[in-house]
Amino acid sequence: MAIEKAVNPFLRCDQRPIIDCTSQHEGRQLKDPVSVFTVLRNWKNSF
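So, how was this worked out
- The residue count restarts for each chain, going from 1 along the sequence in the order it is written.
- With the structure being a predicted model, the display of local features is reserved for residues of pLDDT at least 70 and the display and counting of side-chain atom pairs for 80 or more, all residues being used for whole-chain, interface and lining totals.
- The basis for the side-chain values is all heavy atoms of the structure; hydrogens and waters are excluded.
- Throughout, nonpolar core names a set of buried Ala, Val, Leu, Ile, Met, Phe, Trp, Tyr and Cys residues whose side chains join them through atoms within 4.5 Å.
- Using a 1.4 Å probe on the protein chains alone, a residue whose accessible area is under 20% of its type maximum counts as buried, one over 50% counts as exposed, and one in between counts as partly exposed.
- Numbering of helices and strands runs from the N terminus; a helix is a DSSP stretch of H or I covering at least four residues, while a strand is a stretch of E covering at least two.
- Residues count as neighbours in contact if any of their non-hydrogen atoms are within 4.5 Å of one another.
- UniProt positions are given in the numbering used here, feature names are shortened, and annotations may be inferred rather than shown by experiment.
- Think of it this way: a Phe, Tyr or Trp ring, Trp meaning its six-membered ring, pairs with another when their centres are within 6.5 Å, and the plane angle makes it stacked under 30 degrees, edge-to-face over 60, tilted otherwise.

A. Molecular detail of the nonpolar core. In this structure, Cys13, Ile18, Ile19, Leu30, Val36, Val39 and Leu40 together form the largest nonpolar core, which totals 7 residues. At the level of elements, α2 (16–26) and α3 (33–45) are the ones that each hand at least two residues to this core. Element by element, the count of residues in this core is highest for α3, at 3 residues. Not counting the four nearest positions on each side in its chain, Leu30 is found in contact with Ile19, Thr22, Ser23, Ser35, Val36 and Val39.

Structure, rendered in C-alpha cells:
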C-alpha cells in the first residue's frame with residue numbers, strides 16, 4: 001500500500017506537487033483535495 005500511495009496521484013490530492021499541476025492544468029488555483037481530485041479525474045478522462 002505504501003508504494004501505491006507514493007505513485008498514485010489520486011491518493012495524493014492533498015500534496016503540493018499534485019495541487020500545483022492540476023491547478024495549472026485547470027487555469028485556476030485549487031484549494032481543497034476534492035477539487036484537485038475532480039480536476040485530476042476529468043483530466044484523466046480526456047487523456
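B. Structural detail: the environment of Asp32. Looking at where Asp32 falls in the secondary structure, it is placed in the loop between α2 and α3. Note: C-alpha distance between Asp32 and Ile19 (13 residues apart in sequence) is 8.5 Å.

C. Representation of the UniProt feature "domain: Hydroxyacylglutathione hydrolase C-terminal" (unreviewed entry) in the protein. If you check UniProt for "domain: Hydroxyacylglutathione hydrolase C-terminal" (unreviewed entry), the listed places come out as residues 2–47 in our numbering. Regarding residues 2–47, the helix share stands at 65% and the strand share at 0%, and the terminal C-alpha atoms are separated by 26 Å.

D. Broad picture of the side chain of Thr22. Residue placement: Thr22 occurs in helix α2. Look past the residues within four positions of Thr22 in its chain and what remains in contact with it is Leu30, Val36, Val39, Leu40 and Trp43.

E. Broad picture of the packing of aromatic side chains. Tallied over the entire structure, the rule returns 1 aromatic pair. Pairing Phe10 with Phe37 gives two aromatic rings, centres 5.3 Å apart and planes at 65°, and the pair type is edge-to-face. Taken together, the residues Phe10 in the loop between α1 (2–7) and α2 and Phe37 in helix α3 connect sequence positions 27 residues apart.

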